[in-house]
Amino acid sequence: MLIIGIAGGTGSGKTTVVRQIMDEMKNEEVDVISQDSYYQDTSHLSMGERKKINFDHPKSIDFDLLVAHLKELKAGNSIEEPVYSFQEHNRTKETRTIHPRKVIIVEGILILTHTDIREMFDIKIFVHADSDERMIRRLKRDINERGRDLNEVLWRYQTTLKPMHQQFIEPTKEFADIIIPTNRHNTVAVDIVQTIIKDRLA
Ligand code: C5P
C-alpha cells in the first residue's frame, strides 16, 4: 500500500489536488482520509466552549487514532473513520468504513507536523497558495458551506489561522518531497505525482 500525505494551509487547494490525483485512478484503487475527521472528541464541552477551541493547533487533532488507523490499513484491515460536523464542532455518531487500498491519501493542514505519521508517508506533498488567496477561498467556503458569518471567519483568521499557519504549517514545507503551487492553473505537478504513483505501483 502506498500512503500519500497532502498538507498545506487552509484554502491552499488540497481538495482540488486530491481530486486531480484520483481522477486518473479507479475507485477501488484509492481512498482519502481527512485529518478533519480526527478532531478530538468534544462531546464533554458546551457549544460555547467548543467555539473557543483552536482548531489549527496540532493538539486539536487525535493523532493517536489516526496513527492507529493507518497501521490497521497497512496491516490489511478496514477502519471506521469518524465523521465530523463543522456545525457541531464535534464528531457525529456516524462513521465511514475505509477498506485497505493500493493508494491511501491522507490530507490535512497539520499532517506533516507529526513525526510518526510523517514517517508512514511514501510521498509527502505540500500544496502552496499565497495567504491572501487562501483567505479569500476560506471566507467563501466557511460562509457558503460551514454556516459561519463574515466576522467570525475574519476573527478566526486573525487570532488563530494566521499565527498557527506561521508557527506549525508553513515550517512543514521542508519535509515535502513535492510542493504544488495552486495560485494559477497547473497540471504539470499533478502529472508528475501520477507518474510517481504509477511507477511505484508497477
Ligand atoms: O479543509 P481545511 O484543511 O481548510 O480544514 C481545516 C480548517 O478547518 C482549520 O483551519 C480549522 O480552523 C477549521 N475548522 C473549523 N471549525 C471546526 C474545525 C476546524 O473552522 N470545528
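What counts and what doesn't
Residues numbered from 1 in each chain as written. Predicted model: local features only at pLDDT ≥ 70, side-chain atom pairs only at ≥ 80, totals over all residues. Heavy atoms only, no water. UniProt positions renumbered as here; feature names shortened; annotations may be inferred. Salt bridge = Lys/Arg side-chain N within 4 Å of Asp/Glu carboxyl O. Helix = DSSP H or I, 4+ residues; strand = E, 2+ residues; numbered from the N terminus. Buried < 20%, exposed > 50% of the residue type's maximum accessible area, 1.4 Å probe, protein only. Near = heavy atom within 4 Å. Polar contact = N/O pair within 3.5 Å; in protein donor to acceptor, adjacent residues only side chain to side chain. Areas by Shrake-Rupley, 256 points an atom, 1.4 Å probe, with all protein chains shown as cover. 1 Å grid on protein atoms, 1.4 Å probe; cavity = no way out; pocket = protein on both sides within 12 Å on 5 of 7 lines; lining within 4 Å. Sits in = over half its atoms within 2 Å of the grid points. Contact = heavy atoms within 4.5 Å. Phe/Tyr/Trp six-rings, centres within 6.5 Å; stacked < 30°, edge-to-face > 60°. Lys NZ or Arg CZ within 6 Å of the ring centre and 35° of its normal. Points joined across faces, edges and corners; volume = space filled by probe spheres on them. Nonpolar A, V, L, I, M, F, W, Y, C, P; charged D, E, K, R; others polar.

- In the nomenclature of an unreviewed UniProt entry, the protein chain is known as Uridine kinase of Gillisia limnaea.
- Heading Sequence similarities (unreviewed entry) of the UniProt record for the protein chain holds this comment: "Belongs to the uridine kinase family."
- According to the UniProt record, the Subcellular location (unreviewed entry) comment for the protein chain is "Cytoplasm".

## With respect to the pattern of salt bridges
A side chain of one charge can pair with a side chain of the opposite charge when the charged atoms of the two come close.
Next up, step 1: Here the structure, examined in full by the defined rule, presents 10 salt bridges.
Next up, step 2: A salt bridge links R137 to E133; the nearest nitrogen and oxygen atoms lie 3.8 Å apart. Residue R137 and its partner E133 are located together in helix α5 (residues 131-145), separated by four residues, close to a single helical turn.
Next up, step 3: Classification of E133 as partly exposed rests on a relative accessible area of 30%.
Next up, step 4: For E170, the salt bridge is made with K173, and the minimal N-O distance between the two is 3.0 Å.

## Things to note about the site of the ligand
Next up, step 1: Around the ligand, 15 residues are found, and the nearest of them are T10, D56, H89, R138 and R141.
Next up, step 2: A distance of 2.9 Å separates a nitrogen atom of the ligand from a polar atom in the side chain of Y84.
Next up, step 3: At 2.8 Å, a side-chain N or O of R138 approaches an oxygen atom of the ligand.
Next up, step 4: For the ligand, whose free accessible area comes to 480 Å², the fraction covered by protein is 98%.
Next up, step 5: The pocket occupied by the ligand, as judged from atoms lying within 2 Å of grid points, is the largest pocket.

## Details of the side chain of S60
Next up, step 1: As for its placement among the helices and strands, S60 is situated in the loop between α2 (47-51) and α3 (63-74).
Next up, step 2: Residue classification places S60 among the buried positions, given a relative accessible area of 6%.
Next up, step 3: Those residues in contact with S60 that lie beyond four places of it in its chain are Y38, Y39, Q40, N54 and F55.

## Observations concerning the side chain of N90
Next up, step 1: Within the secondary structure, N90 is located in strand β4 (residues 90-98).
Next up, step 2: Within the local environment of N90, its side chain forms a polar contact with the backbone nitrogen of T42, the two atoms lying 2.8 Å apart.
Next up, step 3: With residues up to four places along the chain from it excluded, the contact list for N90 reads Q40, D41, T42, S43, R50, Y84 and S85.

## Concerning the packing of aromatic side chains
Think of a pair of aromatic rings as described by two things: how far the centres are apart, and how the planes are tilted against each other in angle.
Next up, step 1: With the rule as written, the count across this model stands at three aromatic pairs.
Next up, step 2: Ring geometry for Y84 versus F86: centroids 5.1 Å apart, planes at 85°, classification edge-to-face.
Next up, step 3: Every member of this aromatic cluster is reached through a ring pair, and the members are Y39, F55, Y84 and F86.
Next up, step 4: Stacked on the ring of F175, the Lys or Arg R118 has its end atom at 3.7 Å from the ring centre.
Next up, step 5: For the cation-ring pair, R146 lies above F86, with the distance from its terminal atom to the ring centre recorded as 3.5 Å.

## So, the layout of surface pockets
Next up, step 1: When its volume is computed, the largest pocket comes out at roughly 810 Å³.
Next up, step 2: What lines the largest pocket is a set of 32 residues, and nearest its centre among them are T15, D36, E107, R141 and R146.
Next up, step 3: Classifying every residue of the lining of the largest pocket by side-chain character gives eight nonpolar, 10 polar and 14 charged.
Next up, step 4: Approximately 170 Å³ is the volume found for the second largest pocket.
Next up, step 5: Looking at the second largest pocket, the residues that line it are G13, T16, V17, Q20, R137, I180, P181, T182, R184, H185, N186 and V190.
Next up, step 6: Listing elements by their share of the lining of the second largest pocket, those giving two or more residues are α1 (14-23) and β7 (178-181).
Next up, step 7: Per element, the largest residue contribution to the lining of the second largest pocket is three residues, and it comes from α1.
Next up, step 8: Split by residue class, the lining of the second largest pocket holds four nonpolar, six polar and two charged.

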